[in-house]
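Here's the letter readout for the chains.
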Amino acid sequence: MKLLFSKRSPLSVQLFTSLALALVLIVLDINYRPFKEIRYYLDTLISPLYYVSNAPKSSFDSLYEMSKTRETLINENANLHADLLQQKNDLLLLEHLKHENDRLRELLGSPLRHDEQKMAAQVLLIDTDPYIYQFVVNKGKQDGVYVGQPVVDEKGIVGQIYETAQSTSRAILLCDYQHAIPVQVLRNDIGMVAVGNGCSNDLTLEFMPNNVDIKVGDILVTSGLDGRFPEGYPVAVVSSVKLDITDSTPIISATPTADLKRLRYLLLLWGNQGVKHEGS
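Caption draft 1: Here's a closer look at the pairing of strand S1 (residues 117-126). Examined bridge by bridge, S1 and strand S12 (residues 265-270) share six bridges and lie antiparallel to one another. Within S12, the position partnered with Lys-118 by the bridge is Leu-269. Of the pairings in the sheet, the one linking S1 to strand S2 (residues 134-137) comprises three bridges and is antiparallel in character. Paired with Val-123 across the two strands is Val-137, which belongs to S2.

Quick look at the structure:
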């Protein structure tokens, strides 16, 4: 086979001949369709080599993108999880605030006389002693609170203030063994005294005649005879009426109308005694 250039050809001749041949091929490729078809088939023939040569880089890029995408998804998932927890916590808080708002609305809508001074108070602590039924509220002497002051909720009498400090006060519950309150039957105005019997038991009614007209379901309200609790506030509902077989005296129990086991927001009332106390 005869070579295009011999070993003895000058380098300048070889360069000139190569450039001339390249120009001829370029002109033919531009102007003649057969050369375009040849180039098309040649490109088609060697195109798999492009994919093979690019495979390592393409694989590396894919793995990088996958790892980056996975990391991004993990971060996004963690952020979404944190946001979800925050949203759930906000919903719980909103539910709690809604419940407190409803309680306050009920409390402020309790049957108070327009001429009575009142103040909302929050329960800070409930005594856990099984024989002492007391609690602490966030109002004290600086707020005008006094010993013996009535405490009510939206359903009725809760108890009364037992001790006062500068910014807090301790109250005794209606069901405490030391607590007694004059009451009367709403149906017929018969008077008696409701005495605490422990918060796990109903109140006991004392100081009433043997032939008293009272029955289960009767509503007991404050009589106002002690000068401490205003008249007409709900205290309890008669739950049991029995007779002592020894002397035929009635044994009557009554369930407090106030929810003494779920205390949060209460009202302090200023009666006549409170007004005198403030003015002294």
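Anyway, onward from the coordinates.
Caption draft 2: Just the packing of aromatic side chains, in detail. Applying the stated rule across the entire model yields one aromatic pair. Taking the centre distance of 6.2 Å and the plane angle of 50 degrees together, the rings of Tyr-133 and Tyr-177 count as tilted. Of this pair, Tyr-133 sits in the loop between S1 and S2 while Tyr-177 sits in the loop between strand S5 (169-173) and strand S6 (180-185); the two residues are 44 residues apart in sequence, bridging distant segments of the chain. Residue classification places Tyr-133 among the buried residues on the basis of a relative accessible area of 15%.

Caption draft 3: Geometry of the sheet that holds strand S9 (residues 219-222). An order of S6-S7-S8-S11-S10-S9 is seen for the six strands of this closed barrel, with the pairing classed as antiparallel. Taken over all neighbouring pairs, the strand axes of this sheet differ in orientation by 40 degrees on average, direction set aside. Pairing between S9 and strand S10 (residues 234-243): three bridges, direction antiparallel. When the sheet's bridge partners are listed, Val-221 is paired in S10 with Pro-234.

Caption draft 4: Local environment of the nonpolar core. Membership of the largest hydrophobic core comes to 44 residues, with the highest contact counts inside it found for Phe-135, Val-158, Ile-214 and Leu-220. Here the element with the most residues in this core is S12; it accounts for six residues. The contact partners of Ile-214, leaving out residues within four places of it in the chain, are Val-185, Arg-187, Met-192, Leu-205, Leu-220, Val-238, Val-241 and Ile-252.

Caption draft 5: Spatial organisation of the state of the cysteines. One pass over the full model with this rule turns up one disulfide. In this model Cys-175 forms its disulfide with Cys-199; the gap between the sulfur atoms is 1.6 Å. Of the two residues, Cys-175 is situated in the loop between S5 and S6 and Cys-199 in the loop between strand S7 (191-195) and strand S8 (203-206); the sequence distance between them amounts to 24 residues. A residue is classified by how much of its surface remains accessible, and Cys-199, at 21% relative accessible area, is partly exposed.

So, how was this worked out
Residues numbered from 1 in each chain as written. Predicted model: local features only at pLDDT ≥ 70, side-chain atom pairs only at ≥ 80, totals over all residues. Heavy atoms only, no water. Pairing = 2+ DSSP bridges. Helix = DSSP H or I, 4+ residues; strand = E, 2+ residues; numbered from the N terminus. Phe/Tyr/Trp six-rings, centres within 6.5 Å; stacked < 30°, edge-to-face > 60°. Buried < 20%, exposed > 50% of the residue type's maximum accessible area, 1.4 Å probe, protein only. Axes fitted to C-alpha atoms, helices over the stretch in contact; angles between N-to-C directions. Core = buried A, V, L, I, M, F, W, Y, C linked by side-chain atoms within 4.5 Å. Contact = heavy atoms within 4.5 Å. Disulfide = S-S within 2.5 Å.

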